[in-house]
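# Close look at the chain arrangement
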Amino acid sequence: MRYDVYTPLVLSFLLAAVGPVLARRSAPALAARVLAPAAVLTAAATTWSLVLLGAALLGDAPPVVREAREDGVRLSDPVPEFIGLAACLALAAVGWRVGRAVRAERCTRRALRRLCAAHPAGTELIVAASEVAEAFAIPGRPGRILATSAMLGALEPAERRVLLAHERAHLAHRHGALVTAATLAAAANPLLVPVRSAVVFLVERWADEQAAADVGDRRTTARALARAALAAGRSRPGCALAFTGHTVTRRIAALQTGPPPRLWAAAAAVLALGVLPPLLAADATTDLLALLSTALS
């Protein structure tokens, strides 16, 4: 436990460094499917490591430790007390950040449900009369697509097909779940904020590539994205799955070239990097249990 308990925190830095690199170079579908689970596993492991470190503050409180020391059994402190105090403070911050993220997610879902409430259940496209050009996917059963009249009016017929294909890709591949998972992971472990940003970018790139494949024209897809971004101007979409948000210029540039390669080896390495922190946290837990077992024997 003396060393394993710290390694998930160290590996968080490494995942935050390599995640954006994978996002830039690999096929977005593969990279998103790898980075989101890796972030969740790493965040869970780092949170559990904080729990183990916080146990250093318990001192003589657990009966097994108190009785062992009364019997003359010498127990070494696995971590210094000040580290345990810092871990407890960090755990409190984790709880607050995750709670805030969950509340924000619930508020967003309620707002989206209100937008859909007045429309029949089978309606896929909801057109809102607004001078603000926006379009985004609304996850659910069934999923919906909301577009404003200003956005649809700014696009040509072929470009509207691109927009609809883009948003359908979000719904079909459950991009909202990936973004939510990465968001909660970043809330639990702020070191993973770059990974969360990479996942948000990747689901947009994934939907761009799917739209380009569906309409059969990458140039039209890039033109639709550029025109929609110009129409949106300075407005900020209120949903992570918006058509014009998240580094539009990089997305347009990517559509000017061929589809990116599937870097299976790199993706496997990143996934292994995400699996390693839970294994190390489990090993630290085993060491702690062994320490208590020694005290009992």
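Let us now look at the environment of Thr148. Here Thr148 is to be found in strand β3 (residues 144–148). Sequence separation between Thr148 and Glu131 is 17 residues; the distance between their C-alpha atoms is 7.5 Å. Once residues lying within four places of it in the same chain are set aside, the contact partners of Thr148 are Ala128, Ser130, Val132, Ala133 and Glu134. At a separation of 2.6 Å, a polar atom in the side chain of Thr148 contacts the main-chain carbonyl oxygen of Val132.

With that settled, the discussion passes to unusual backbone geometry. Within the chain, Arg174 stands out as a residue other than glycine whose phi angle is a positive 55 degrees. By the secondary structure assignment, Arg174 is in the loop between α6 (157–172) and α7 (175–188). Looking at Arg174, the relative accessible area reads 56%, which means it is exposed.

Taking 1.5 Å of rise per residue, 36 residues should cover 52 Å, and helix α4 (residues 81–116) covers 53 Å from first to last C-alpha, within 8% of that figure. Buried within α4 are the following residues: Gly84, Ala87, Val94, Ala101, Leu112 and Cys116. Contacts made by the buried residues of α4 are with α2 (28–54), β1 (125–128), β2 (135–138), β3 and α7.

Moving on to the environment of Leu192. With respect to the helices, strands and loops of the structure, Leu192 is situated in the loop between α7 and α8 (193–215). With 153 residues separating them in the primary sequence, Leu192 and Ala39 have C-alpha atoms 6.8 Å apart.

This next bit is on the side chain of Glu204. Its place among the elements puts Glu204 in helix α8. Overall, Glu204 belongs to the buried group, its relative accessible area being 0%. At a separation of 3.2 Å, a polar atom in the side chain of Glu204 contacts the side chain of His170.

Pairing between side chains of opposite charge can happen when their charged atoms approach one another. One pass over the full model with this rule turns up 9 salt bridges. The salt bridge involving Glu209 is made with Arg218; its shortest N-O contact spans 2.7 Å. In terms of burial, Glu209 and Arg218 fall into one category: buried. Connected through shared salt-bridge partners, Glu156, Glu159, Arg223 and Arg227 make up one network.

Scoring rules and cut-offs
Residues numbered from 1 in each chain as written. Predicted model: local features only at pLDDT ≥ 70, side-chain atom pairs only at ≥ 80, totals over all residues. Heavy atoms only, no water. Helix = DSSP H or I, 4+ residues; strand = E, 2+ residues; numbered from the N terminus. Contact = heavy atoms within 4.5 Å. Polar contact = N/O pair within 3.5 Å; in protein donor to acceptor, adjacent residues only side chain to side chain. Buried < 20%, exposed > 50% of the residue type's maximum accessible area, 1.4 Å probe, protein only. Expected span 1.5 Å × (residues − 1). Salt bridge = Lys/Arg side-chain N within 4 Å of Asp/Glu carboxyl O.

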